[in-house]
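Fold and geometry: a report
Here is what each chain is made of, one letter per residue.
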Amino acid sequence: MTAELSPVLKQATPVTAARGEGVHLYDEDGRRYLDFTAGIGVTSTGHCHPKVVEAAQRQVATLIHGQYTTVMHRPLLRLTERLGEVLPEGLDRLFYVNSGSEAVEAALRLARQATGRQNAIVFQGSFHGRTMGAASLTTSGVKIRAGIGPLMPGVAVAPFPYAYRLGMTEEEASAFALRELDLLLASVSSPKDTAAFFIEPVLGEGGYVPVPPSFLAGLRERADAHGILLVADEVQTGFGRTGRFWGIDHAGVRPDIVITAKGLASGFPLSAIAAPHALMEKAWPGSQGGTYGGNAVSCAAALATLDVIREEGLVENAARMGERLLTGLAEAAEKHQRAADVRGLGLMAATEFTAPDGTPDADTAARAHKAAVDAGLLLLTCGPYGNVVRMIPPLIVDADQVDQALSIWSGALAEADA
């Protein structure tokens, strides 16, 4: 018998990666690609950053795994101390699991136990994971939810301030979405039954749409007024990706719970949930833990990642290179009618394709994506209709690499229009 991968696993590109270095991946024939996927935002310090590699190698030779509800280990303790330096003020207690989905589930468990309430409110287009509870919070596309029902009860979905889709300005969309949220609280999920708002500071799989700061401020006001917890899902936006350390920092709003994963450990599986002591102590005994959570090698890699981010100024670089990337994408889109909207925050940048009648144009997006990959630039699509092409380069990307990617993308747009 020959075993093979599941037939429903589909690659976004035809590349079989043999090695990675910095912003580049190399296939088995030695062809080099600009990797503007970063493992879906995971390889934040680039592929195989020497300091991350050295830290992981050193840790592997010392202690690979010390299960953290059985024994404690120093990398986990040091990482917890270091995260205290970068977390939003007051979020001084952490625990660790492996993936973003697990962290979302853990945050939901904490919110329900701490408030004694069942309901969670999410926002249209959200992506919070594929496990059962996380999938119940996810509305980025039916592929995450279809065929597995009934889903977990107690989830209400409110409109997201998606200005382009709504045909509004950003502030109009924010005001509209807040009014609709108030209606939902009055008609679907009573504030007294609502444990938490879950929100991504930038929609990820839902289309790379930044949340207007005024909307986040409105969520904070309503959370405070009703005793509802504000949960920032920073799995993709955290660790400098948006040009601030946390995506929610752009709004000057403090969340009650932060979820982080992806770029936390530069490719090693690790996620964390942070909350204030007074909130975290309301979790029920035995509700937090996991076999692999806080793995020693992953923690060592995360410590090295924090060092690299600080020493190389990667948060500031993400802001600068993100502005350069968005400016170039907007200039490229001006020449192509179907490249209808360019948006993003820091190094989360996207182009949305629509037909002349305003309907989603997934075919042109797919052609542009394929042309870019064929020319050596790895990208991903997203959005419920698959009509958004996104760019997620590592935080180490430089101006020459951004310009090279933009040149390839301009050619890909021309080919897609042909």
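A quick note: this is a predicted structure, and the numbers were derived from the prediction, not measured.

Things to note about the overall build of the protein chain
- Counting secondary structure elements, the protein chain contains 14 helices and 15 strands.
- The globule rule puts the C-alpha radius of gyration for 418 residues at 22 Å, and the 21 Å found for the protein chain is close to it.
- Dimensions of the protein chain, computed from C-alpha atoms along their principal axes, come out at roughly 60 × 55 × 50 Å.
- Contacts spanning at least 24 positions in sequence make up 71% of the contacts within the protein chain whose residues lie at least 6 apart.
- When the accessible surface of the protein chain is totalled, it reaches about 17,800 Å², and 52% of it is carbon and sulfur.
- Computing the positive centroid from 35 side-chain charges and the negative centroid from 46, the protein chain places the two 4 Å apart.

Describing the environment of Pro161
- Of note, Pro161 is situated in the loop between β6 (155–158) and α7 (163–166).
- In contact with Pro161, not counting residues within four places along its chain, are Leu166, Ala173, Ser174, Ala177, Pro212 and Phe215.

Re the side chain of Asn119
- Mapped onto the fold, Asn119 is located in strand β5 (residues 119–123).
- Judged by its relative accessible area of 16%, Asn119 falls in the buried class.
- Contact partners of Asn119, with chain neighbours within four places excluded, come to Gly154, Ser189, Asp193, Thr194, Ala195 and Ala196.

A word on the packing of aromatic side chains
- Tallying each qualifying case throughout the model produces six aromatic pairs.
- Each ring, one from Phe123 and one from Phe197, has its centre 6.4 Å from the other, and the planes form 55°; the classification is tilted. Taken together, the residues span a long stretch of sequence, with Phe123 in strand β5 and Phe197 in strand β7 (residues 194–199) at a distance of 74 residues. We note that Phe123, like Phe197, is buried.
- Ring plane angle 75° and centroid distance 6.2 Å describe the contact between Phe353 and Trp409, whose orientation is recorded as edge-to-face.

Here we look at helix α8 (residues 170–187)
- Taking 1.5 Å per residue, 18 residues should reach 26 Å; α8 reaches 25 Å between its end C-alpha atoms and fits that length.
- Every buried residue belonging to α8 is among Ala173, Ser174, Ala177, Leu178, Leu181, Leu184 and Leu185, and all of these are buried. Summarising the axial view, the buried residues of α8 lie within an arc of 130°, below the 170-degree limit, and thus occupy one face. Of the exposed residues in α8, the ones pointing more than 90 degrees away from its buried face are Arg179, Ala186 and Ser187.
- On the buried face of α8, the contacting elements are β5, β6, α7, β7 and α9 (213–226).

With respect to the packing of helix α13 (residues 362–374) against helix α14 (residues 399–417)
- For the pair α13 and α14, the least separation of the axes is 8 Å and the interaxial angle reads 135°. When the axes of α13 and α14 are compared, the pair comes out oblique. The way α13 lies across α14 gives a crossing that is right-handed. Along its contact with α13, which presents Thr364, Arg367, Ala368, Ala371 and Ala372, the element α14 presents Ile408, Trp409, Ala412, Leu413, Glu415, Ala416 and Asp417.
- In the contact of α13 with α14, the residues fall into eight nonpolar, one polar and three charged.

Comments concerning helix α11 (residues 296–311)
- Its 16 residues give α11 an end-to-end C-alpha distance of 23 Å, which sits within 8% of 22 Å, the value for a rise of 1.5 Å per residue.
- Among the 16 residues of α11, 13 are classified as buried, and the element is accordingly described as predominantly covered.
- Near the N-terminus of α11, the side chain that reaches the backbone nitrogen of Val297, with its oxygen 2.9 Å away, is that of Asn295.
- Looking one or two residues past α11, Gly313 carries a phi angle of roughly 60°, positive in sign.

Side note on the nonpolar core
- Among the nonpolar cores identified, the biggest contains 114 residues, and Phe123, Phe197, Phe198 and Trp409 are the most heavily contacted of them.
- Contacts of Phe198, omitting those with residues within four sequence positions, involve Val104, Ala107, Leu108, Ala120, Ile121, Val122, Phe123, His128, Leu137, Val231 and Ile259.
- If you look at the next biggest cluster of nonpolar residues, it comprises eight residues, including Val202, Met348, Leu380 and Ile392.

Considering the environment of Val388
- By the secondary structure assignment, Val388 is in strand β15 (residues 388–391).
- The spatial distance from the C-alpha of Val388 to the C-alpha of Ala339 is 9.2 Å, given a sequence separation of 49 residues.
- Apart from the residues lying within four places of it in its own chain, the contact partners of Val388 are Gly207, Arg343, Ala350, Thr351, Glu352, Ala365, Leu380, Thr381 and Cys382.

Considerations on the layout of surface pockets
- Of the volumes computed, that of the largest pocket is approximately 1,300 Å³.
- If you go around the largest pocket, you meet 50 residues; those closest to its centre are Ile40, Arg130, Glu205, Leu380 and Arg390.
- Where the lining of the largest pocket is concerned, the elements lending two or more residues are α1 (38–41), α4 (100–115), α6 (142–145) and β14 (380–382).
- For the lining of the largest pocket, the residue count by class is 21 nonpolar, 20 polar and nine charged.
- Here the second largest pocket is characterised by a volume of approximately 180 Å³.
- Contributions of two or more residues to the lining of the second largest pocket are made by β4 (93–97) and α4.
- Broken down by element, the lining of the second largest pocket gets its largest block of residues, six residues, from α4.

Definitions and cut-offs
Residues numbered from 1 in each chain as written. Predicted model: local features only at pLDDT ≥ 70, side-chain atom pairs only at ≥ 80, totals over all residues. Heavy atoms only, no water. Helix = DSSP H or I, 4+ residues; strand = E, 2+ residues; numbered from the N terminus. Rg over C-alpha atoms; globule rule 2.2 N^0.38 Å. Contact = heavy atoms within 4.5 Å. Areas by Shrake-Rupley, 256 points an atom, 1.4 Å probe, with all protein chains shown as cover. Lys, Arg positive; Asp, Glu negative; His and termini not counted. Charge placed at Lys NZ, Arg CZ, Asp CG, Glu CD. Buried < 20%, exposed > 50% of the residue type's maximum accessible area, 1.4 Å probe, protein only. Phe/Tyr/Trp six-rings, centres within 6.5 Å; stacked < 30°, edge-to-face > 60°. Expected span 1.5 Å × (residues − 1). Arc of directions from axis to C-beta. Axes fitted to C-alpha atoms, helices over the stretch in contact; angles between N-to-C directions. Parallel < 35°, antiparallel > 145°, perpendicular 65-115°, else oblique. Left-handed = near helix turned anticlockwise from the far one by under 90°. Nonpolar A, V, L, I, M, F, W, Y, C, P; charged D, E, K, R; others polar. Polar contact = N/O pair within 3.5 Å; in protein donor to acceptor, adjacent residues only side chain to side chain. Core = buried A, V, L, I, M, F, W, Y, C linked by side-chain atoms within 4.5 Å. 1 Å grid on protein atoms, 1.4 Å probe; cavity = no way out; pocket = protein on both sides within 12 Å on 5 of 7 lines; lining within 4 Å. Points joined across faces, edges and corners; volume = space filled by probe spheres on them.

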